[in-house]
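Coordinates in review
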Amino acid sequence: MLDEPLPLALDIRKAATRGTGVSGVLKPAQLLRFRALLAGDEGRVEATLSCARDEQDRYIVCVVLEADVTVTCQRCLEAMPLHIASDNTLAVVWTDEQAAALPRHLDPLIVEETACKLHEVVEDELILAMPQFSYHDSAHCKEKISAYAGPAPEQEADAGKSNPFDVLAQLKAGDEHQES
Ligand SMILES: [Zn+2]
């Protein structure tokens, strides 16, 4: 298990030329955009970034992440543990055109300065890997699924019947009756 903190920045071109990388640990509180999606500060993120040059002479970074964090169950709104595992390959690019020209298995990593901000790279990958909604297993969830079944079909049919035009029609019928 890793326990060194992940460095803040890395010169990816240098690391790719040497075929080296970095790895380390981050806390959710260090990643504000990611933290905003979580239920609390607890948890940890392990990141390994391996740099290389590919056969097209591109600068490549493989980002492997394992995270254990706490999120909110969208059914019962209680906290629940979430494990995130992600493995993505990025290619360093400098322009949007270069990004668009990448093959499908490579995602662009736009590097504006020599030193690539590793925490931002990790944070972007974590956010991409987050499930859109998280739910407890039904056995662990405080809210039973049946409580969320919508209105019974009969009720819906009744609601459909009482529309304002029906009421108007009844009134009109009543008026005609009184006049005659
Ligand atoms: Zn739940």
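In case you missed it, the structure is sitting above this.
A brief report on the enclosed structure follows. Since the structure is predicted, the reported quantities are computational estimates derived from the model, not experimental observations. (Residues numbered from 1 in each chain as written. Predicted model: local features only at pLDDT ≥ 70, side-chain atom pairs only at ≥ 80, totals over all residues. Heavy atoms only, no water.)

In this section: the sheet that holds strand 4 (residues 59–72). Strand order in the open sheet formed by five strands is 2-3-4-5-6, with mixed pairing between adjacent strands. One side of each edge strand has no neighbouring strand; the edge strands of this open sheet are strand 2 (21–26) and strand 6 (107–110). On average, adjacent strands in this sheet sit at an angle of 30 degrees to one another, irrespective of strand direction. Examined bridge by bridge, strand 3 (residues 43–53) and strand 4 share eleven bridges and lie antiparallel to one another. Counterpart to cysteine 51 in the pairing with strand 4 is valine 61. Helix 4 (residues 118–129) contacts strand 2, strand 3, strand 4, strand 5 (79–93) and strand 6 of the sheet and is inclined by roughly 120 degrees relative to strand 5. (Pairing = 2+ DSSP bridges. Helix = DSSP H or I, 4+ residues; strand = E, 2+ residues; numbered from the N terminus. Axes fitted to C-alpha atoms, helices over the stretch in contact; angles between N-to-C directions. Contact = heavy atoms within 4.5 Å.)

Glancing now at the coordination of the zinc ion. Ligation of the zinc ion by protein atoms is provided by Cys73 (SG), Cys76 (SG), His136 (ND1) and Cys141 (SG), these donors lying 2.0 to 2.3 Å from the ion. For the zinc ion, the four donor atoms in the first shell make angles of 101 to 125 degrees at the metal, a pattern classed as tetrahedral. Read in sequence order, the donor residues coordinating the zinc ion give the pattern C-x2-C-x59-H-x4-C. Residue cysteine 73 is found in the loop between strand 4 and strand 5, and its partner cysteine 141 is found in the loop between helix 4 and helix 5 (153–161); the two are separated by 68 residues along the sequence. The same class applies to cysteine 73 and to cysteine 141, which are both buried. (Donors = N, O, S within 2.8 Å, 3.2 Å for Na, K, Ca; no water. Tetrahedral: all angles 85-135°; square planar, octahedral: opposite > 155°, others 65-115°. Buried < 20%, exposed > 50% of the residue type's maximum accessible area, 1.4 Å probe, protein only.)

Structurally, the position occupied by leucine 6 is in the segment before strand 1 (9–11). Residues leucine 6 and serine 23, 17 residues apart in the sequence, show an inter-C-alpha distance of 5.9 Å. Ignoring anything within four residues of it in the chain, the contact list for leucine 6 reads Val22, Ser23, Gly24, Val25, Leu26, Ala47, Leu49, Leu118, His119 and Val122.

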